[in-house]
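Spelled out from the first residue to the last, the chains are:
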Amino acid sequence: MKPDKKTTSKVLTANRLNDGISVWFTGIDWSVNINDALVAADAEAGSALEAVADKATAVAQHCDVVLIDVEQTANGVQPLKLRERIRAFGPTITYDTGSFAANYETRSTAANVEAF
Amino acid sequence: MYRYDEFDHAFVGARVAEFSDQVKRRVSGELTEDQFKPLRLMNGVYLQLHAYMLRIAIPYGTLSAKQMRRLAHIARVYDRGYGHFTTRQNIQFNWPALSDTPAILQELAEVEMHAIQTSGNCIRNVTADHFAGATVDEIADPRPYAEILRQWSSIHPEFSYLPRKFKIAVTASEADRAAIQVHDIGLKLVRNAQGEIGFEYYVGGGQGRTPMVAKLVSPFVAERDLLSFTTAVMRVYNLYGRRDNKYKARVKILVHELGPEKFREEVEAEWAVIRDSELVLPAKDVAAIQAYFAPPVLRDRPDGLIALADAFKHDAAFKAWVRQNCNEHTHPDYAIVTISLKAIGAIPGDASDVQMDVVADLAERYGHDEIRVSHEQNLVLPHVAKADLPTLYATLVEHELATSNAGLISDIIACPGLDYCALATARSIPIAQAIALRFADLEHQRDIGELKLKISGCINACGHHHVGHIGILGIEKRGEEHYQVSLGGAADNDTAVGEIVGPGFSAEELPGKIEVIVNTYLAGRVSHGERFIDYTRRVGLAPYKIALYGAEEVAH
């Protein structure tokens, strides 16, 4: 079933200008953890976030600032779309074997990978 | 290998300085993202799902050990310890900080590399046969011509803002390993009746949402005319190519809409004006570039035969690897070695910094300092003495680089897909991993024989699914990943676009369905010599449809 755009919860996300890392707006600042995000549960709150988006773009410290649809679950904030879930939790593949393990670093946790 | 002259060094250095200034102005807020985006793309810097991505050009897929070591260093210092070799013989880093990109480009410039024209609507990195200069079946090394085209097309003022991106591939062998017929321009070196070198000249191939096989525009363009004829092709495209719709802007659409005859007429008319201009390629200039690509001096190593025979007796895995991953070299004591970046269950085309350093060391010690990147996302050492193969193999085994699967079903091309790519609609890498694991038994893979399986995570077809013997396209369907399977595609001399076999499958279903397809082939082939693609061409899709969907379903 398609989510109802008017009533779907939303968070504001962007990529940080300096390093491109995905971040979410907390209401005050930006966090690399989607669970820190301010969730707009209604249209009014969504409009407020949109205003922040315009400002964030204007001051130019973030790129690709957009609102995305999310839901609150027992595991925290989950984007509705797979694309945004992967963006939030990192690649679903691991680099923890063989010679890849030396520099293994990701924001994914086992729980997040399992969520897919 | 080509070496930068003073002009090249000054030019690349100036671009690094220019981009460093642009990054500084962007970070300070002086430039907006809208202003900066085209500038960063001109220098290979994309913004993907999780971070920036830097795509670095590897002209015609040729690298020295020093350059490969520098890539390893960049992976280690500025990225997360790995890089991804692409189907255009380039490398991509997935996590560079924008603020580090000037330093990375400076490090690359020091080893005569850059990221210019790895994005944008310009002529991209010219690709070539990864066995060039070593294989027995070529008439001349195609790379000098690729290098001439690279020099000619670099910041070419007339062709820097084309209707759309433009890709050229060159081969000189009877067996096409460079997929020339799915490029905007595909060139095959040939000799005419007088023994002169020229090009079979194809235009208008490509994949993406409208796959097309290139059309032969001229059976023989003389060497002297390479640049004038190419200029004529580019001018016709630049003038008539559509700019109103990016999905119809590639030259393949123009060739298709005009028809090959009319397109050829337009090119000939333009060419008549410029063929004797300053664009004539002087033989002495060709010779000067060819000198850079002079083959290494290979001393005779007749000890190789005994060394191999001896090693074969004790090590069946080594023997299988030599048979599968080593190709015939022009010198009988040498072999062309394919280093698989497709260990079973690994990420296709990815190499860790450690692996890159290992390959660089091996190239220096045993491979006359030359490495190639193949469009099939493997690495190649083109000049290795057979006598050195046992030692080389032992080192490759230590670093998960010795999988003997070149050309087999687990030698999968896969784009980064939705795990990284902002354009993707489904994941590719986990699908490749699951299929490789399903067919993990190498003996079974050898029994199946040559089978090119290619996976794209969206319709843009970076994973070449249209020309896979088995092609897989990931799409989003009602919020879920869904995979369409096509069969019968090929990117060799008999290039063909595969045909969709029927309704697609979920990620969970897919490996089992691929097994059904393979088993259908195994049951139906007349002999081991009839490859998957031969069988599929002979019988069509009917047996596969019945096996996948049931006879009753197919009848309806």
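Attention here is on the structure that accompanies the text. Here the residue numbers are simple positions, counted from 1 along each chain's written sequence. Think of it this way: whatever chain is written first is A, whatever ligand is written first is 1, and the rest follow in order. This being a predicted model, a pLDDT of at least 70 is required before a residue's local features are given, and a value of 80 or more before pairs of side-chain atoms are given or counted; all residues contribute to the totals for chains, interfaces and linings.

Here's the deal with the packing of helix H1 (residues 6-27) of chain B against helix H4 (residues 101-110) of chain B
Residue and element names in this part refer to chain B. Contact geometry of H1 with H4 gives a least axis separation of 9 Å together with a crossing angle of 175°. With respect to their mutual orientation, H1 and H4 come out roughly antiparallel. Two secondary-structure elements touch here, H1 through Val12, Gly13, Val16, Phe19, Ser20 and Val23 and H4 through Thr101, Pro102, Leu105, Gln106 and Ala109. Polar here means any residue other than Ala, Val, Leu, Ile, Met, Phe, Trp, Tyr, Cys and Pro, which are nonpolar, and Asp, Glu, Lys and Arg, which are charged; Gly is therefore polar. A class-by-class count of the residues in the contact of H1 with H4 yields seven nonpolar, four polar and no charged. To get an axis, a line is fitted to the C-alpha atoms, and for a helix only the part in contact is used. The angle between two axes follows their N-to-C directions and goes from 0 to 180 degrees. Secondary structure elements are taken from DSSP: a helix is a run of H or I of four residues or more, a strand is a run of E of two residues or more, and numbering for both begins at the N terminus. Throughout, the term roughly parallel applies to angles under 35 degrees, roughly antiparallel to angles over 145, roughly perpendicular to angles from 65 to 115, and oblique to all others. We call two residues in contact when the distance between their C-beta atoms, placed using the backbone, is within 7 Å.

Considering helix H7 (residues 251-258) of chain B
All names here are of chain B. Along H7, the residues that are buried comprise Val251, Lys252, Ile253, Leu254 and Val255. Looking at the buried positions of H7, the neighbouring elements they touch are strand E9 (197-203), strand E10 (215-222), helix H6 (226-240) and helix H8 (260-274). Following H7 by one or two positions, Gly259 has its phi on the positive side, about 90°. Any residue with 12 or fewer other C-beta atoms within 10 Å of its own C-beta is exposed, any with 20 or more is buried, and the rest are partly exposed; the C-beta atoms used are placed from the backbone.

A look at the environment of A:Ile28
All names here are of chain A. Locating Ile28 in the fold gives a position in the loop between strand E2 (22-25) and strand E3 (30-31). A count of 8 C-beta atoms within 10 Å places Ile28 in the exposed class. Sequence separation of Ile28 and Leu38 is ten residues, and the distance between their C-alpha atoms is 8.9 Å.

Thoughts on the sheet that holds strand E16 (residues 413-414) of chain B
All names here are of chain B. Two strands form a pair only when DSSP identifies at least two bridges running between them. With mixed pairing, the five strands of this open sheet are ordered in space as E16-E17-E18-E19-E20. The two strands at the open ends of the sheet, each matched to only one other strand, are E16 and strand E20 (499-500). Across eight bridges, strand E18 (residues 470-477) lies against strand E19 (residues 480-487) in antiparallel orientation. The residue bridging Ile475 from the neighbouring strand is His482, located in E19.

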